[in-house]
Amino acid sequence: MTPNGTATADLLATIVAATRRIVEVRQEREPIGDLVRRAEAQPPAARRFRDALGRTDRINVIAECKRRSPSRGVLRAEYDPAGIAAGYAAAGAAAISVLTEPAFFDGALAHLVAVRAAVDIPVLRKDFVVSEYQVVEARAAGAGAVLLIVAALPQHDLVDLIARANAWGLDALVEVHAVDELARAVDAGARIIGVNNRNLRTLDADVHASEVLIDRMPKDVVAISESGLRSAADLIHLRKLGYGAFLIGERFMATADPGGALQELLESCGTTKDTKDTKDTKVRKVRKVRR
């Protein structure tokens, strides 16, 4: 059972059903036409999410802001997503992931808006996106990318949502866990594919999922390993296999200083000449954020 009493085997279906109802309520409150006008008023994204994750001169970490998870419960009683994101950015994060799902993760679009105002690196809206309305919400909130979970979407919806994200100038991080899901992501035209090491139906996490799927990953996509990553050795190993980036959340959020935890992890991974040249600057920035 999860902390809220939901059977783990039904967790993904439960969250998706709750999300569809939440979106219906929000759409009643703000019709799609009004939301579109807000999204169109947003300035173009300054940096592309995919480009940030494609750099080969550093360890690319998407550092996550989330207050709660179904597997571990409340991670942070005092939750300041903007402050956490600023610490991540100063420590060298390639991008920030912000949980916006409210029922199971205590997330909110307001968290994404606050993070977008606090950092100048790409921001991912991490949610259970099932409709174009959520894609437009992400754009209106200032996101540069959205998460699309293959296991949560019929194939025609996956194809359509990738197209809708592209039309709004957003990158789509398409998440898979198994071989058949990877095949669907590729067929749908995904350019950024994340392998979630956590099974969303059972909540078990095993980095073996990333090891298995990398051999089937097309060479022209940015491959991301997500969840269950604990050490520098994990990142170094998976990078050698071909992963271009890593999404890490709970490991940082469970510490007193998430930005400091990211900095320590990156330093443990070793640094390139580029990151060595900027290391002292990053340390000064982290100290400034902590004060």
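Along each chain, residues carry numbers from 1 onward, in the same order as the chain's sequence is written. Restriction of local features to residues with pLDDT of at least 70 applies here, the model being predicted, together with a cutoff of 80 or more for giving and counting side-chain atom pairs; totals for whole chains, interfaces and linings are based on all residues. The side-chain values count all of the structure's non-hydrogen atoms but skip hydrogen atoms and water molecules.

### Topic: the nonpolar core
Definition in use: We call a set of buried residues a nonpolar core when its members are Ala, Val, Leu, Ile, Met, Phe, Trp, Tyr or Cys and they connect through side-chain atoms within 4.5 Å of each other. Burial status follows relative accessibility: with a 1.4 Å probe on protein chains alone, a residue under 20% of its type maximum counts as buried, one over 50% as exposed, and anything between as partly exposed. Between two residues, a contact is recorded if the distance between any of their heavy atoms is within 4.5 Å.
With 95 residues, the main nonpolar core has Tyr 88 and Ile 96 as its most contacted residues. What Tyr 88 contacts, discounting residues up to four positions off in sequence, is Ala 63, Glu 64, Cys 65, Ala 93, Ile 96, Phe 252, Met 253, Pro 258, Gly 259 and Leu 262.

### Describing the sheet that holds strand β10 (residues 245-248)
What counts is decided by this rule: Here a strand pair is declared whenever DSSP counts at least two bridges between the two strands. By the criteria applied, helices consist of DSSP H or I runs no shorter than four residues and strands consist of E runs no shorter than two, each listed in order from the N terminus. Fitted lines through C-alpha atoms serve as axes, helices being fitted only where they are in contact, and the angles separating the N-to-C directions of these axes extend from 0 to 180 degrees.
What the eight strands build is a closed barrel, ordered β1-β4-β5-β6-β7-β8-β9-β10; its pairing is parallel. Between one strand and the next, the sheet's axes are offset by a mean angle of 25°, whatever the strand orientation. Where strand β1 (residues 61-65) and β10 come together, three bridges link them in parallel fashion. Within β10, the residue paired with Ala 63 across the bridge is Ile 248. Helix α9 (residues 179-187) contacts β7 (171-176) and β8 (192-196) of the sheet and is inclined by roughly 160° relative to β7. On the sheet, helix α11 (residues 232-241) packs against β1, β9 (222-226) and β10 and is oriented at approximately 145° with respect to β10.

### Looking at the environment of Glu 250
Our working definition: In protein, a polar contact requires one atom able to donate a hydrogen and another able to accept it; more generally it is a pair of N or O atoms within 3.5 Å, and residues adjacent in sequence count only if both atoms are side-chain atoms.
By the secondary structure assignment, Glu 250 is in helix α12 (residues 250-253). Using a relative accessible area of 9% as the deciding quantity, one classes Glu 250 as buried. With 182 residues separating them in the primary sequence, Glu 250 and Arg 68 have C-alpha atoms 8.9 Å apart. Residues in contact with Glu 250, not counting those within four places in the same chain, are Lys 66, Ser 69, Ser 71, Arg 72, Leu 75 and Arg 198. In terms of polar contacts, Glu 250 uses its side chain to reach the side chain of Lys 66, at 3.5 Å. One polar contact links Glu 250 to Ser 71, side chain to side chain, over a distance of 3.3 Å.

### Concerning the packing of helix α4 (residues 81-91) against helix α13 (residues 258-269)
Let me state the cut-off plainly: Comment on the angle field: the value is read as roughly parallel under 35 degrees, roughly antiparallel over 145, roughly perpendicular from 65 to 115, and oblique elsewhere. Crossings are assigned a handedness: left-handed for a near helix turned anticlockwise from the far helix by less than a right angle, right-handed for a clockwise turn. Residue polarity follows a fixed list, in which Ala, Val, Leu, Ile, Met, Phe, Trp, Tyr, Cys and Pro are nonpolar, Asp, Glu, Lys and Arg are charged, and the others, Gly among them, are polar.
In contact at an axis separation of 7 Å, α4 and α13 are set at 20° when each is read in the N-to-C sense. In terms of orientation, α4 lies roughly parallel with respect to α13. Along this stretch, α4 crosses α13, giving a crossing that reads as right-handed. In this structure, α4 contributes Ile 84, Gly 87, Tyr 88 and Ala 91 to the contact, and α13 contributes Pro 258, Gly 259, Leu 262, Gln 263 and Leu 266. The residue makeup of the contact of α4 with α13, split by class, is six nonpolar, three polar and no charged.

### Thoughts on the environment of Leu 124
Tracing the backbone shows Leu 124 in strand β5 (residues 123-126). By relative accessible area, which is 0% here, Leu 124 ends up buried. Separated by 23 residues in the primary sequence, Leu 124 and Leu 147 have C-alpha atoms spaced 7.2 Å apart. Excluding residues that lie within four positions of it along the chain, Leu 124 makes contacts with Phe 49, Ile 96, Ser 97, Val 98, Leu 112, Ala 145, Val 146, Leu 147, Leu 173 and Leu 247.

### Notes on the confidence of the model for the protein
What counts here: Values of pLDDT, which run from 0 to 100, indicate the predictor's confidence residue by residue.
On average, the protein scores 89 in pLDDT, and the residues at 70 or more come to 89%. Across residues 272-291, confidence stays below pLDDT 50; counting only partners more than four residues off in sequence or on other chains, it has 24 contacts.

### Considerations on α9
Here is the rule we go by: This arc is built from the directions going out from the helix axis to the C-beta atoms.
The complete set of buried residues in α9 reads Glu 181, Leu 182 and Ala 185. The buried residues of α9 occupy one face: seen down the axis, they fall within an arc of 100°. Those residues of α9 that are exposed and angled more than 90 degrees off the buried face are Asp 180 and Asp 187. The secondary structure elements touched by the buried residues of α9 are α8 (155-167), β7, β8 and α10 (208-213).

### Comments concerning the pattern of salt bridges
Short version of the rule: Any Lys or Arg side-chain nitrogen located within 4 Å of an Asp or Glu carboxyl oxygen qualifies as a salt bridge.
By the definition in use, this model includes 14 salt bridges. Between Asp 57 and Arg 55 there is a salt bridge, with the nearest N and O atoms lying 2.8 Å from each other. Between Lys 66 and Glu 64 there is a salt bridge, with the nearest N and O atoms lying 3.6 Å from each other. A relative accessible area of 1% means that Glu 64 is categorised as buried. Among the charged side chains, a salt-bridge network with shared partners connects Glu 64, Lys 66, Arg 72, Lys 126 and Glu 250.

### Regarding the packing of helix α1 (residues 11-29) against helix α7 (residues 132-141)
At a minimum axis separation of 10 Å, α1 and α7 run at an interaxial angle of 65°. Where α1 crosses over α7, the handedness of that crossing is left-handed. Every residue of α7 that contacts α1 at Thr 19, Val 23, Arg 26 and Gln 27 is listed here: Tyr 133, Gln 134 and Glu 137. Residues belonging to the contact of α1 with α7 are distributed by class as follows: two nonpolar, three polar and two charged.

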